[in-house]
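What the coordinates show
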Amino acid sequence: MFSFFRKKPPATPAPAPASTSAAPSVAVPAAPAPRASATPAAGGGLIGSALVAPMEIPVAAEVPEERQSWMQKLSAGLRKTGSSISQVFTGAQIDDALYEELESALLLADTGVAATQYLLDEVKRKVASSGATRPVQAKNILVDALTQLLRPLEKPLTIGEHVPTVIMVAGVNGAGKTTSIGKLTKHLADDGETVLLAAADTFRAAAKEQLAVWADRNKVEIVSQEGGDPAAVSFDAVSAGKARKKDVVIVDTAGRLPTQLHLMEELRKIRRVVTKADASAPHEVLLVIDGNTGQNALAQVKAFDAVLQLTGLIVTKLDGTAKGGVLAAIAQEKPVPVYFIGVGEKLEDLETFSAREFALALLA
């Protein structure tokens, strides 16, 4: 398993004192400067009669072997989004028509107006400065520009800085919130963390039972009440987590639309009550969003952040979506870190987010 969480690092020991005996220095003559050559440098090429220098675009680092399987799944999941964008670069030249098609493809992928304009401007600027003439070069530039745009969203979930680490999870109905909690619990348990679940979703029928199944499957404890108040369940769970010295407490809340103001106010209450149980909690407030909802997902991030001050996102159901560009919109307009992304129902279908991997998979 690739590093799924980051634990608080232990104190670094003081470095050992340097040896008093030093090796004698040996003077090495400087190598002569290489002579200029009339032949093109490696990676360059001749277009007509003009020599084109290699483009200064970072080469994608090789994906680690343990991530190869995940990259295949991610590429397959994003194929519906990426194919419409990649088709833009199948022509013979870079011209205004290509830029117009790229703009349309990005907007249709729910990249959003602001992020689309940013990416378009970056591609045009780098094409002009590098002297690129082939569409495939413009595509490589887009991969790099998208990676840089998404980079601020990269952040690992840190466990161990607080004991217990209290994680509050919210989301709309059907986004995959409880399932994501179950997968998260499994990864934590496999990593040796002790987890306590709080069944604070007392609104949806069978929500408590669904979470109890995940608790039983992962052999972790759960705190629930029959028809109890969500805030009271959350308070009891955090208090129990402290008393039982658990590493992590995950609070599952009821799914709701951001337009349901009374339910959003209930979330605010849960957060306040959790803070009463532990003055430093919640340490993480995660929102689970459905990748298929496109620009609506961005609206959810803005609305839930206004109420809860989000610390991270879990983006689910990216498999088969035509709206995977929404992550670019989030990065441009509301850059809340993306801890995990999901491309299926299986446990291994939830993984950490990498900007470079996402950009490569999207434009594969």
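Read on for an overview of the structure. (Residues numbered from 1 in each chain as written. Predicted model: local features only at pLDDT ≥ 70, side-chain atom pairs only at ≥ 80, totals over all residues. Heavy atoms only, no water.)

Broken down by element type, the chain carries twelve helices and twelve strands. Taking all 364 residues of the chain together, 49% fall into the buried category. Intrachain contacts of the chain at a sequence separation of at least 6 include 78% that bridge at least 24 residues. Accessible surface, the chain as shown: approximately 17900 Å² in total, 55% of it carbon and sulfur. (Helix = DSSP H or I, 4+ residues; strand = E, 2+ residues; numbered from the N terminus. Buried < 20%, exposed > 50% of the residue type's maximum accessible area, 1.4 Å probe, protein only. Contact = heavy atoms within 4.5 Å. Areas by Shrake-Rupley, 256 points an atom, 1.4 Å probe, with all protein chains shown as cover.)

Take helix H7 (residues 207-218) next. Helix length check: H7, at twelve residues, gives a terminal C-alpha distance of 17 Å against a target of 16 Å (1.5 Å per residue), a fit within 8%. Residues of H7 that are buried include every one of Ala207, Lys208, Leu211, Trp214, Ala215 and Asn218, and no others. Taken around the axis of H7, the buried residues stretch over an arc of 125°, which confines them to a single face. Exposed residues lying more than 90 degrees from the buried face of H7 are Asp216 and Arg217. Check the buried side of H7 and you find it contacts helix H6 (177-190), strand E6 (195-200), strand E7 (221-223) and strand E8 (248-253). (Expected span 1.5 Å × (residues − 1). Arc of directions from axis to C-beta.)

It is worth spelling out the packing of helix H10 (residues 295-308) against helix H11 (residues 326-333) at this point. Think of two packed helices as two axes; the pair is described by the angle between the axes and how far apart they sit. At a minimum axis separation of 9 Å, H10 and H11 run at an interaxial angle of 35°. With respect to the hand of their crossing, H10 and H11 are arranged in right-handed fashion. Within the contact between the two elements, H10 uses Gln295, Ala297, Leu298, Val301 and Lys302 and H11 uses Val326, Ala329, Ile330 and Glu333. Tallied by class, the residues present in the contact of H10 with H11 amount to six nonpolar, one polar and two charged. (Axes fitted to C-alpha atoms, helices over the stretch in contact; angles between N-to-C directions. Left-handed = near helix turned anticlockwise from the far one by under 90°. Nonpolar A, V, L, I, M, F, W, Y, C, P; charged D, E, K, R; others polar.)

Turning to the pairing of E6, a few remarks are in order. Across the six residues of E6, six count as buried, placing the element largely inside the fold. The pairing of E6 with E8 spans six bridges and is classified as parallel. The partner of Ala198 across the bridge, within E8, is Val251. Pairing of E6 with E7 involves three bridges; the strand directions are parallel. What sits directly across from Leu197, in E7, is Ile222. (Pairing = 2+ DSSP bridges.)

This paragraph deals with the sheet that holds strand E9 (residues 284-290). Ordered by their spatial adjacency, eight strands build an open sheet running E7-E6-E8-E5-E9-E10-E11-E12, and the pairing between neighbours is mixed. In this open sheet, the two edge strands, each paired with only one partner strand, are E7 and strand E12 (350-352). Put simply, the sheet's adjacent strands are angled 25° from each other on average, direction ignored. Its contacts with the sheet place H6 against strand E5 (165-171), E6, E8, E9, strand E10 (312-316), strand E11 (338-342) and E12, and it is angled at close to 170° to E8.

As for its placement among the helices and strands, Ser354 is situated in the loop between E12 and helix H12 (355-362). Here Ser354 falls in the buried class, since its relative accessible area comes to 18%. Here Glu357 takes part through its backbone nitrogen, which lies 3.3 Å from a polar atom of the side chain of Ser354. What Ser354 contacts, discounting residues up to four positions off in sequence, is Arg67 and Glu154. (Polar contact = N/O pair within 3.5 Å; in protein donor to acceptor, adjacent residues only side chain to side chain.)

Take the side chain of Thr352 next. By the secondary structure assignment, Thr352 is in strand E12. For Thr352, the side chain forms a polar contact with the side chain of Glu351, separated by 3.2 Å.

Below, the discussion takes up the pattern of salt bridges. Under the criterion given, the structure shown has 15 salt bridges. A salt bridge links Glu221 to Arg244; the nearest nitrogen and oxygen atoms lie 2.5 Å apart. With Glu221 in strand E7 and Arg244 in the loop between helix H8 (230-243) and E8, this residue pair connects regions lying 23 residues apart in the sequence. Residue classification places Glu221 among the partly exposed positions, given a relative accessible area of 33%. (Salt bridge = Lys/Arg side-chain N within 4 Å of Asp/Glu carboxyl O.)

With the rule as written, the count across this model stands at two aromatic pairs. Aromatic side chains Tyr339 and Phe340 sit 6.3 Å apart centroid to centroid with 55° between the ring planes, which places their arrangement in the tilted category. On the basis of relative accessible area, Phe340 is assigned to the buried category, the value being 0%. Between Lys124 and the ring centre of Tyr99, over which it is positioned, the NZ or CZ distance is 5.3 Å. Against the face of Trp214 rests Arg217, its NZ or CZ located 4.5 Å from the ring centre. (Phe/Tyr/Trp six-rings, centres within 6.5 Å; stacked < 30°, edge-to-face > 60°. Lys NZ or Arg CZ within 6 Å of the ring centre and 35° of its normal.)

Next up on the list: the pairing of E11. Among the five residues that make up E11, five are buried, leaving the element largely enclosed by the rest of the structure. By the bridge criterion, three bridges tie E11 to E12 in an arrangement that is antiparallel. Paired with Phe340 across the strands is Thr352, a residue of E12.

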